[in-house]
Amino acid sequence: MATDTFFGPDFEALESTDPEIASVILAELERQRSGLQLIASENFTSPAVLATLGSTMSNKYAEGYPSKRYYGGCAEVDKAEVIGIERAKALFGADHANLQPHSGASANLAAYGAFVMPGDTVMAMSLAHGGHLTHGSKVNFSGKWFTIVPYGVRADTERIDYDEVRAIALEHRPKMIICGATAYPRLIDFAAFRAIADEVGAILMVDAAHFIGLVAGKAIPSPVPYADVVTFTTHKVLRGPRGGMILCKAEHAAAIDKAVFPMMQGGPLMHAVAGKAVALKEAATPAYQHYAQQVIINAQALTAGLIDEGMRAVSGGTDTHLALIDLQPIGVTGADAEVRCDAARITLNKNAIPYDPQPPSIGSGIRVGTPATTTQGMTEPDMKEVAGFISRAVRDADGSAAASIAAEVGDLVRKYPAYPRG
Ligand code: DSN
């Protein structure tokens, strides 16, 4: 197929129109290439997805759904959305898929909109124990508009206690129960949550943003058979464009679609919808399944390396793409660790640990994830080296070691270029 020279990204046009922003984009590309990207919710999306995002699909208004739009001229964008919906249903074995949420928070807002009314009781994992802002934080719509009953992890095991979840559910009879987290390194027992939801007559919503890519790659069990609704982002392990998506049972399809549009959103971002379709195609390949498995193997190797360096893994390890690392044994706060790692070209985030004595702005831990380094092709020996870099960086109180660690980081990442240089 011939490529129209005007189909999409034209960096020279940007450089001549706005050299200031062009140089920021190039500097950000260089930052991504030249350091270690260990934020558990980030990844390197493919050139195919990037081309889709930079395409003229961005120009089209398409309020509504395929063949039921409020604008003319939607024949081509309809095709992209239908292809994406069918790919999502096939990949996840779901009855229904909605690709329009602009983000994970938008997807979650739509799920609330479909199933609960302001004032209703919703049960979700506490943010302090690994939940998400939209799971009931006081500063978020969820905490402002709903009566949130939180559950957490046990102090001794640092894992969800399903007996406690059941007891809280029986006491408060929530209308909706949410499971899923942003900083919980262990598998979630979806069957146990389903049984609890059934016992109290609640909707079960799984916020699978962090781990849906592992599900797509068949590396961990799927929540889809158990949940009424599964929400997620498309840019984490799944490696697609920045955005959100919702899967649900057939009986909830109309409610979910109406909650996304027109209740929570107007026009969908059709370039992002098309990018999600591309990512779903990529995620349905054997190569992606191998990737998803390696993400977990790498996270386990990185965690073991950090434990060897004197740090403590919350819950003792990980089953997923991320680890939550308690730095109290080495006397460093999460905030200091984040800054020190940044100086050594290691990008990660400070994180509260369960029962944290520090305020969230400081935190006793860091969260590390392996989606991006695994996309680069790194494996277990590299993770051991990365653990050594982190260990030296977090202990580098006066910054004297930062330059030499950064140089070694540079040597490692040059072996695994994130995006090949043109
Ligand atoms: N901010 C995302 C994360 O880093 O986990 C969740 O929305």
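None of these values were measured; they are calculated from a predicted model.

**Topic: the sheet that holds strand β7 (residues 176-179)**
Backbone-to-backbone hydrogen bonds pair the strands of a sheet. The strands run either parallel or antiparallel. Read from one edge of the open sheet, 7 strands run β4-β10-β9-β8-β7-β5-β6, paired in mixed fashion. The sheet is open, and its two edges are formed by β4 (96-98) and β6 (147-151), each paired on a single side. Adjacent strand axes in the sheet meet at a mean angle of 20 degrees, parallel and antiparallel pairs treated alike. For β4 and strand β10 (residues 244-248), the ladder comprises 3 bridges, and the chain directions are antiparallel. Across the sheet, the residue bridging to His 96 is Cys 248, located in β10. Strands in contact with helix α7 (residues 162-172) are β5 (121-125), β6 and β7; relative to β6, the strand with the most contacts, it is inclined by about 160 degrees. Each of β4, β9 (229-233) and β10 is contacted by helix α10 (residues 253-264), which is oriented at about 0 degrees to β4, the strand it contacts most.

**Structural notes on helix α4 (residues 75-92)**
When the terminal C-alpha atoms of α4 are compared, their 26 Å separation across 18 residues agrees well with the 26 Å that a helix rising 1.5 Å per residue should span. Those residues of α4 that fall on the buried side of the exposure criterion are Val 77, Asp 78, Ala 80, Glu 81, Gly 84, Ile 85, Ala 88, Leu 91 and Phe 92. A positive phi of about 65 degrees marks Gly 93, the residue just after α4.

**Topic: the site of the ligand**
Within the structure, the ligand sits among Ser 41, His 132, Thr 182, His 210 and Arg 367. Within the side chain of His 210, a nitrogen or oxygen atom sits 2.6 Å from an oxygen atom of the ligand. Interatomic distance of 2.8 Å between a side-chain N/O atom of Arg 367 and an oxygen atom of the ligand. If the ligand stood free it would expose 230 Å²; the protein chains cover 62% of that surface. Among the detected pockets, the ligand sits in the second largest pocket. By residue class, the composition of the shell around the ligand is no nonpolar, 4 polar and 1 charged.

**Quick word on the sheet that holds strand β15 (residues 365-369)**
Reading across the sheet, the 4 strands line up as β11-β12-β15-β14 and stay open at both edges, with antiparallel pairing between neighbours. In this open sheet, the two edge strands, each paired with only one partner strand, are β11 (312-313) and β14 (349-351). Here β14 pairs with β15 via 3 bridges, running antiparallel. Paired with Asn 349 across the two strands is Arg 367, which belongs to β15. Contacting β11, β12 (322-326) and β15, helix α12 (residues 286-308) crosses the sheet at an angle of about 15 degrees to β12. The strands touched by helix α13 (residues 334-343) within the sheet are β14 and β15, with β14 carrying the most contacts at an inclination of about 170 degrees.

About the cut-offs
Residues numbered from 1 in each chain as written. Predicted model: local features only at pLDDT ≥ 70, side-chain atom pairs only at ≥ 80, totals over all residues. Heavy atoms only, no water. Pairing = 2+ DSSP bridges. Helix = DSSP H or I, 4+ residues; strand = E, 2+ residues; numbered from the N terminus. Axes fitted to C-alpha atoms, helices over the stretch in contact; angles between N-to-C directions. Contact = heavy atoms within 4.5 Å. Expected span 1.5 Å × (residues − 1). Buried < 20%, exposed > 50% of the residue type's maximum accessible area, 1.4 Å probe, protein only. Near = heavy atom within 4 Å. Polar contact = N/O pair within 3.5 Å; in protein donor to acceptor, adjacent residues only side chain to side chain. Areas by Shrake-Rupley, 256 points an atom, 1.4 Å probe, with all protein chains shown as cover. 1 Å grid on protein atoms, 1.4 Å probe; cavity = no way out; pocket = protein on both sides within 12 Å on 5 of 7 lines; lining within 4 Å. Sits in = over half its atoms within 2 Å of the grid points. Nonpolar A, V, L, I, M, F, W, Y, C, P; charged D, E, K, R; others polar.

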